[in-house]
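# A closer look at the structure
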Amino acid sequence: MSDIKLFTITNGNAAELPGKAASLEKDLQQHVEANMETLLGVRFLATEYDTGKTHKGRIDSLGLDESGCPVIVEYKRHSNENVINQGLFYLDWLLDHQAEFRWLVMERLGKEASETIEWGGTRLICIASDFNKYDEHAVQQINRNIELMRYRYFGDGLLLLELVNAQTASRALSGLPSSTDRTSSGKDKTQSERLAEAPADLKALFDTVCDYAEQLGDEVQRKELKLYTVFKRIRNFMSVVIMPGKADPKLLIYLKLPGDLAEEGFSRDVTQIGHWGTGNLELTVRTPEDWLKAKTLVEQSYQES
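Predicted model only: the values in this text are computed from it and were never measured. (Residues numbered from 1 in each chain as written. Predicted model: local features only at pLDDT ≥ 70, side-chain atom pairs only at ≥ 80, totals over all residues. Heavy atoms only, no water.)

### Here we look at the pairing of strand β7 (residues 123-128)
Remark: a regular strand shows side chains that alternate across the two faces of the sheet. Counting buried residues in β7 gives 6 out of 6 residues, a clear majority hidden from the surface. Residues of β7 alternate between two faces, with Arg123, Ile125 and Ile127 on one and Leu124, Cys126 and Ala128 on the opposite face, all of them buried. Here strand β6 (residues 70-76) runs beside β7; their pairing, made up of 6 bridges, is parallel. Bridge assignment links Lys76 to a residue of β7, and that residue is Ala128. Relative to strand β8 (residues 145-154), β7 runs parallel, the two being bridged by 6 bridges. By the bridge assignment for β8, Ala128 is matched with Arg150. Tracing the backbone out of β7, into helix α7 (residues 133-141) and back to the parallel element β8 gives a crossover that is right-handed. (Buried < 20%, exposed > 50% of the residue type's maximum accessible area, 1.4 Å probe, protein only. Helix = DSSP H or I, 4+ residues; strand = E, 2+ residues; numbered from the N terminus. Pairing = 2+ DSSP bridges. Right-handed = clockwise from strand over helix to strand, strands pointing away.)

Structure follows, in structure tokens:
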């Protein structure tokens, strides 16, 4: 059970705000769907999506996250309802109906978004008032990208979302090729291809950056996508692109920080500039000294994500 408590402090005196579950499951769903990008970093696509006469189901919410990965969100008002199994049922349906989902993305978000879907990162987010130890253990045994998220309403207009447990699949979902297994279909090499070409010192620097990000918190998830490596809590906080060019080998690190923090010669504002990864502040890291300078900003992005 959650032990999170929320207090107001007035004139030095603390008063606990009572927590409660949603009056109706639909209320919770509507609040999340109306603010999905802010709350989850996911672009909303559809609600109560009908999976057809054969499957006979309705997916609570469908979306596409900031890394281009399909997302299913399932809600349960209470903790004693089997939201995980239901979500897995829909997850398998989605992976078997990629063309249908791609068409939905094209209708809602445009052709470019539909052509860059990261199927290997397909996610299931289960939101409930609580989860027990058996739920948390179960997701660790399932080779799927599953996130358990606890919610609670406090006072008037306060909604808490707490990431309880997250499991990242160690291999591709349902036999799909993973991002790291793919070869580039266009002129751009994949992250794994560029990593294979990188000099030893740049690989070592890449490993140092990734190791640091992963140890920032137990809830940090690392995902290897086609063109970059991303680190997230509930939302992304850092993306890393390895650039092994012979003339200028480097790492490009993108952080969810304001672009006006840019420092000439080290970082730049890419808010209005197309780039791989997510974030408005781009850091250029070539040496261990550059990385020492970047660490503070990485931690700041983590804290604010």
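That was the structure; now back to the text.
### As for the packing of aromatic side chains
The full count for this structure, using the stated rule, is 6 aromatic pairs. Ring geometry for Phe89 and Tyr90: centres 5.9 Å apart, planes at 50 degrees, overall tilted. On the basis of relative accessibility, which here comes to 7%, the residue Tyr90 falls in the buried class. For the pair Tyr151 and Tyr153, a centre-to-centre distance of 5.9 Å together with 75 degrees between the ring planes defines the contact as edge-to-face. Here Arg233 stacks its cationic end above the ring of Tyr302, 4.1 Å away from the centre of that ring. (Phe/Tyr/Trp six-rings, centres within 6.5 Å; stacked < 30°, edge-to-face > 60°. Lys NZ or Arg CZ within 6 Å of the ring centre and 35° of its normal.)

### Let's talk about unusual backbone geometry
Most peptide bonds are trans, and most residues other than glycine sit at a negative phi. One non-glycine residue, Asn11, lies in positive phi territory at about 55 degrees. With respect to the secondary-structure elements, Asn11 resides in the loop between β1 (6-10) and β2 (13-17). Phi is positive for Glu48, close to 50 degrees, though the residue is something other than glycine. Mapping Glu48 onto the fold places it in strand β4 (residues 42-50). Residue Glu48 is classed as partly exposed on the basis of its relative accessible area of 26%.

### Focus on the pattern of salt bridges
The final tally for this structure, using the stated rule, is 18 salt bridges. Here Glu16 and Lys5 are joined by a salt bridge, their closest N and O atoms 3.8 Å apart. Of this pair, Glu16 sits in strand β2 while Lys5 sits in the segment before β1, and the two are 11 residues apart along the sequence. For Glu16, a relative accessible area of 45% puts it in the partly exposed group. According to the relative accessible area criterion, Lys5 is exposed, its value standing at 52%. Salt-bridge contacts for Arg222 lead to Glu214; the nearest nitrogen and oxygen are separated by 3.5 Å. Taking relative accessible area as the criterion, Arg222 reaches 24% and is therefore assigned partly exposed. Where salt bridges share partners, they join Asp65, Arg123, Glu147 and Lys232 into one cluster. (Salt bridge = Lys/Arg side-chain N within 4 Å of Asp/Glu carboxyl O.)

### Things to note about helix α1 (residues 25-34)
Turning to α1, its buried residues are Leu28, Gln29, Val32 and Glu33. Relative to the axis of α1, the buried residues are bounded by an arc of 125 degrees and lie together on one face. Packing partners of the buried residues in α1 comprise α2 (36-40), β4, β5 (58-65), β6, β7 and β8. (Arc of directions from axis to C-beta. Contact = heavy atoms within 4.5 Å.)

### Section: the confidence of the model for the chain
In the predicted model, the chain carries a mean pLDDT of 89, and 93% of its residues have values of at least 70. Overall, residues 171-175 carries pLDDT values under 50, and its contacts beyond four positions in sequence, including any with other chains, amount to 13 contacts. Note on residues 177-185: pLDDT under 50 across the span, and 24 contacts to partners over four residues away in sequence or across chains. (pLDDT = per-residue confidence, 0-100.)

### Some words on the side chain of Lys250
In this fold, Lys250 is placed in strand β13 (residues 250-255). A distance of 3.4 Å separates the side chain of Lys250 from the side chain of Asp248, its partner in a polar contact. Dropping the residues within four chain positions of it, Lys250 is found in contact with Leu202, Val241, Ile242, Met243, Thr284, Val285 and Arg286. (Polar contact = N/O pair within 3.5 Å; in protein donor to acceptor, adjacent residues only side chain to side chain.)

### Quick notes on the state of the cysteines
Linking two cysteines covalently via their sulfur atoms produces the bond known as a disulfide. One pass over the structure, following the stated rule, counts 0 disulfides. The thiol sulfur of Cys126 is not disulfide-bonded, and the nearest other cysteine sulfur, from Cys69, lies at 17 Å. As a non-bridged cysteine, Cys210 has Cys69 as the owner of its nearest cysteine sulfur, 16 Å distant. For Cys210, a relative accessible area of 0% translates into the label buried. (Disulfide = S-S within 2.5 Å.)

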